[in-house]
Amino acid sequence: PFPVGDSYDFEVVKEFDSVKMDGGKMQEDGKAFDPKTLELALSTVKEYQEKFQKEYQLPNERIAVIRSSGVVAGFRDLESLRANQKILESKVYERTGIQLAALSPEDEAKYITRFVVPQSDLGRALMLDIGGGNIKGGYFDESNVFISTDVATGTTRFATEVKKAADASKSDFAAKAKELSGPLVLEKLRVEIENRPALRLKPKIYLCGGIVWVLRTLTRPAVPIGDRLLVELSADDIEKLRKLAANDSFETVTQIVLAEVSDEQQKAKLRKELENI
């Protein structure tokens, strides 16, 4: 990362293929990691360690393994959370000889806010990172102290709960999502706002996270990808995304979105983004 004006940009020195896995997937009782997913995570970490050692001659002390806060956000009680944190740490060390580092939701939110929000907006902006495992964020107060907020239901976890409930009641996924959005997400956010009233007073909100990338790509396809890291969004854009997401076919969504772009080069970049989505 490097400063640009009062914000930051970044250069990717080397990019590896990402591996899609729900590392925080739990067993049904919410008291332990799903064994298959945990094994996939461990074997993937080991695979990358060997790649770095072989191709780049990196010793273990130059390799970091970091757990994000969302990985353990789904544990339903403190005892299970602490026990599984220790299990994960010991298994990573067993497999790699590397001590697992961990980010708390507060640390993650603070670092993201520092990177995402321009310096001129730091005192008057709220940042929300909507991840798969949790929603985290916060703001810097007048004393430059970071005040964090954290809701332990992210997009992946929410979708899992909705699917489970929809299958059990043989009901429509979209209808069940609307029904459960209150108890699983909105009510938790309201509690956070009641505890930290300044959350609702900030004149600007910066959003980031996987679903925000989807929101930006599907609702503002004409804005060149990669040229602008910050894109202004509105409540209407969120409603537009909701309608697109409820569409039966992503092929139809792709056609709708591509039709908004005339430049062929931009259209080619957009197609790649849509494939990832």
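See the structure shown above.
First, a word on what this report is: a plain description of the structure on this page. (Residues numbered from 1 in each chain as written. Predicted model: local features only at pLDDT ≥ 70, side-chain atom pairs only at ≥ 80, totals over all residues. Heavy atoms only, no water.)

**Description of the packing of aromatic side chains**
What describes a pair of aromatic rings is the distance from one ring centre to the other and the angle between the planes of the rings. One pass over the full model with this rule turns up 6 aromatic pairs. Considering the side-chain rings of Phe-16 and Phe-52, the 5.3 Å spacing of their centres and the 65 degrees angle between planes classify their relative orientation as edge-to-face. Taken together, the residues span a long stretch of sequence, with Phe-16 in the loop between β2 (7-9) and α1 (35-56) and Phe-52 in helix α1 at a distance of 36 residues. The class of Phe-16 is partly exposed, set by a relative accessible area of 27%. Among the aromatic residues, ring-to-ring pairing joins Phe-16, Tyr-48, Phe-52 and Tyr-56 into one connected group. Lys-14 extends its terminal NZ or CZ atom over the ring of Phe-16, reaching a point 5.4 Å from the ring centre. (Phe/Tyr/Trp six-rings, centres within 6.5 Å; stacked < 30°, edge-to-face > 60°. Helix = DSSP H or I, 4+ residues; strand = E, 2+ residues; numbered from the N terminus. Buried < 20%, exposed > 50% of the residue type's maximum accessible area, 1.4 Å probe, protein only. Lys NZ or Arg CZ within 6 Å of the ring centre and 35° of its normal.)

**A word on the pairing of strand β6 (residues 135-140)**
The buried fraction of β6 amounts to 6 of the 6 residues, a majority that puts the element mostly inside the structure. Here β6 shows two buried faces, one formed by Ile-135, Gly-137 and Tyr-139 and the other by Lys-136, Gly-138 and Phe-140. Pairing geometry for strand β5 (residues 125-130) and β6, over 4 bridges, is antiparallel. Counterpart to Leu-128 in the pairing with β6 is Gly-137. Counting the residues between successive antiparallel strands, the hairpin from β5 to β6 contains 4 residues. Bridge analysis of β6 against strand β7 (residues 146-151) gives 6 bridges, and the strand direction is antiparallel. (Pairing = 2+ DSSP bridges.)

**Structural notes on the side chain of Thr-44**
Relative to the assigned elements, Thr-44 resides in helix α1. Thr-44 sits in the buried class, given a relative accessible area of 10%. At 2.6 Å, the side chain of Thr-44 and the backbone oxygen of Leu-40 are in polar contact. (Polar contact = N/O pair within 3.5 Å; in protein donor to acceptor, adjacent residues only side chain to side chain.)

**Quick word on the pairing of β5**
With 5 of 6 residues buried, β5 lies mostly within the body of the structure. Here β5 pairs with strand β8 (residues 204-208) via 5 bridges, running parallel. The residue of β8 that forms the bridge with Leu-128 is Leu-207.

**Notes on the side chain of Thr-96**
Mapped onto the elements, Thr-96 comes out in helix α2 (residues 78-96). One polar contact links the side chain of Thr-96 to the main-chain carbonyl oxygen of Val-92, over a distance of 2.6 Å. Here Ile-98 takes part through its backbone nitrogen, which lies 3.0 Å from a polar atom of the side chain of Thr-96. The contacts of Thr-96, once residues within four sequence positions are left out, are Val-45, Lys-46, Gln-49 and Asn-60. (Contact = heavy atoms within 4.5 Å.)

**Describing the pattern of salt bridges**
Using the criterion set out here, one finds 13 salt bridges in the structure. Notably, a salt bridge pairs Asp-77 with Lys-31, separated by 2.9 Å at the nearest N-O pair. Here Asp-77, found in the loop between β3 (66-67) and α2, pairs with Lys-31, found in the loop between β2 and α1; they are 46 residues apart in sequence, far enough to count as distant. What emerges from the salt-bridge pattern is a single network uniting Glu-108, Asp-129 and Lys-136. (Salt bridge = Lys/Arg side-chain N within 4 Å of Asp/Glu carboxyl O.)

**Things to note about a nonpolar patch on the surface**
Residues Phe-10, Val-12, Leu-229 and Leu-230 make up a contiguous nonpolar surface patch of roughly 370 Å² in combined accessible area. Here Leu-230 is to be found in the loop between α6 (210-219) and α7 (235-245). Using a relative accessible area of 40% as the deciding quantity, one classes Leu-230 as partly exposed. (Patch = residues over 30% accessible without salt bridge, like charges linked within 9 Å, V, L, I, M, F, W, Y side chains within 5 Å. Areas by Shrake-Rupley, 256 points an atom, 1.4 Å probe, with all protein chains shown as cover.)

**Overview of unusual backbone geometry**
We note that Gln-57 has phi near 50 degrees; this positive angle belongs to a residue other than glycine. Tracing the sequence through the fold places Gln-57 in the loop between α1 and β3. Of note, Lys-170 is a non-glycine position whose phi angle comes to about 50 degrees, a positive value. Mapped onto the secondary structure, Lys-170 falls in the loop between α4 (155-169) and α5 (173-195). Given a relative accessible area of 77%, Lys-170 falls into the exposed group.

**Topic: the sheet that holds β6**
On the basis of which strands lie adjacent, the open sheet formed by 4 strands has the order β7-β6-β5-β8 and mixed pairing. Sheet topology places β7 and β8 at the edges, where each strand pairs with a single neighbour. When the angles between neighbouring strand axes are averaged without regard to direction, this sheet yields 20 degrees. In the packing of helix α3 (residues 105-116) onto the sheet, the strands contacted are β5, β6, β7 and β8, and the crossing angle to β6 comes to about 60 degrees. Seen against the sheet, α5 touches β6 and β7 and runs at an angle of roughly 155 degrees to β7. (Axes fitted to C-alpha atoms, helices over the stretch in contact; angles between N-to-C directions.)

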